Amino acid sequence: LPVVGLSGAGKSSFVQAGVIPRLRERGPLVVLQVRPGHRPFVTLAHRIVAARRQASGSLGMSVFGVSARTGAPAASHETDRGEADWLAEQLQSAPHLLNLVLQRLADRRESSVLLFVDQLEELVTLEPDEAVREAFMQAVCAAADDPQGHVRVVLTVREEFLSRLAGHDGVRQALSQIKVLQSPGREALQEIVSRPLAVTGFEFDDPSLVHRMVDEVQGEIACLPLLQFAGQMLWD
């Protein structure tokens, strides 16, 4: 599921505070949250290896049923890094293997797996190699191709980058079913400001401040980050 919208529309918050808690209500869930960054496959591989270590609690883990550890035993962080680098190479050369890796992770953890790729536009802004970009998109868009399986993928991306990421037939098909987020309306913004305080037992000394804050950001494209910043300063 690609979640698409303007910068500051609340895409990440929608997934973290809405989608993930709802999925957890359905049963055990392993969340792999990544941002592509400068080395998208390495970042993804490190998250997978960390999740597998939590399941096995041992150094001798395998990928696709084949041991990735070679040579003399090393410190745990070195072993993790070596395995992650090896896995990154495998996934980049054969993107559709990500589906198998995540399915096996779900089986090992006896839970569903959610791969949450946040700020997918970093694949365009930070990764200069077009071949790497295309391979990564193929991997994540094919990772949850079985509706009856235990793997789901959610991507958040700024709308102006959507067409630039849809260069492959399979990717275009996956990106065609999107959730578009608009900037929240006035009532939603007021609730966003006041509800977290109510949950923690606090309130504004001056209730009219909520309305004034919303008035100040109404119509701004980045209204949520502005409110978040003001709210954080008030809380501090």
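The structure this text deals with has already been given above.
Let us look at the structure shown here. Just so you know, these numbers come straight off a predicted model, no measurement behind them. (Residues numbered from 1 in each chain as written. Predicted model: local features only at pLDDT ≥ 70, side-chain atom pairs only at ≥ 80, totals over all residues. Heavy atoms only, no water.)

**A look at the pattern of salt bridges**
Throughout the structure, instances matching the rule amount to six salt bridges. The salt bridge partner of arginine 158 is glutamate 160, with a shortest N-O separation of 2.7 Å. According to the relative accessible area criterion, arginine 158 is partly exposed, its value standing at 26%. (Salt bridge = Lys/Arg side-chain N within 4 Å of Asp/Glu carboxyl O. Buried < 20%, exposed > 50% of the residue type's maximum accessible area, 1.4 Å probe, protein only.)

**With respect to the sheet that holds strand β7 (residues 179-181)**
If you trace the five strands from one edge of the open sheet to the other, you get β2-β5-β6-β1-β7, paired in parallel fashion. Edge positions in the open sheet fall to β2 (29-34) and β7, since each of these has one partner strand only. The average undirected angle you get between the axes of adjacent strands in this sheet is 20°. Each of β2, β5 (112-117) and β6 (151-158) is contacted by helix α4 (residues 97-109), which is oriented at about 135° to β5, the strand it contacts most. (Pairing = 2+ DSSP bridges. Helix = DSSP H or I, 4+ residues; strand = E, 2+ residues; numbered from the N terminus. Axes fitted to C-alpha atoms, helices over the stretch in contact; angles between N-to-C directions. Contact = heavy atoms within 4.5 Å.)

**Overview of the packing of helix α9 (residues 186-200) against helix α10 (residues 208-217)**
Running from amino to carboxyl end, α9 crosses α10 at an angle of 125°, the nearest separation of the two axes being 10 Å. Between α9 and α10, the angle is such that the two are oblique. Remark: the crossing between α9 and α10 carries right-handed chirality. Contacts between α9 and α10 involve Arg186, Leu189, Gln190 and Val193 on the former and, on the latter, Val210, His211, Met213, Val214, Asp215 and Val217. Partitioning the contact of α9 with α10 into residue classes produces six nonpolar, two polar and two charged. (Parallel < 35°, antiparallel > 145°, perpendicular 65-115°, else oblique. Left-handed = near helix turned anticlockwise from the far one by under 90°. Nonpolar A, V, L, I, M, F, W, Y, C, P; charged D, E, K, R; others polar.)

**Remarks on the side chain of threonine 156**
Secondary-structure assignment places threonine 156 in strand β6. The contacts of threonine 156, once residues within four sequence positions are left out, are Val3, Lys11, Ser12, Val15, Phe116, Val117, Asp118, Gln119, Leu120 and Glu121.

**A closer look at unusual backbone geometry**
The phi dihedral of glutamate 110 falls on the positive side, at around 55°, and the residue is not glycine. Residue placement: glutamate 110 occurs in the loop between α4 and β5. Unlike most non-glycine residues, glutamine 119 shows phi in positive territory, near 55°.

**Considering the environment of glutamine 33**
In this structure, glutamine 33 sits in strand β2. The sequence separation of glutamine 33 and glycine 149 amounts to 116 residues, and the corresponding C-alpha distance is 19 Å. Glutamine 33 has contacts with Gln16, Arg47, Phe116 and Asp118, leaving out every residue within four places of it along the chain.

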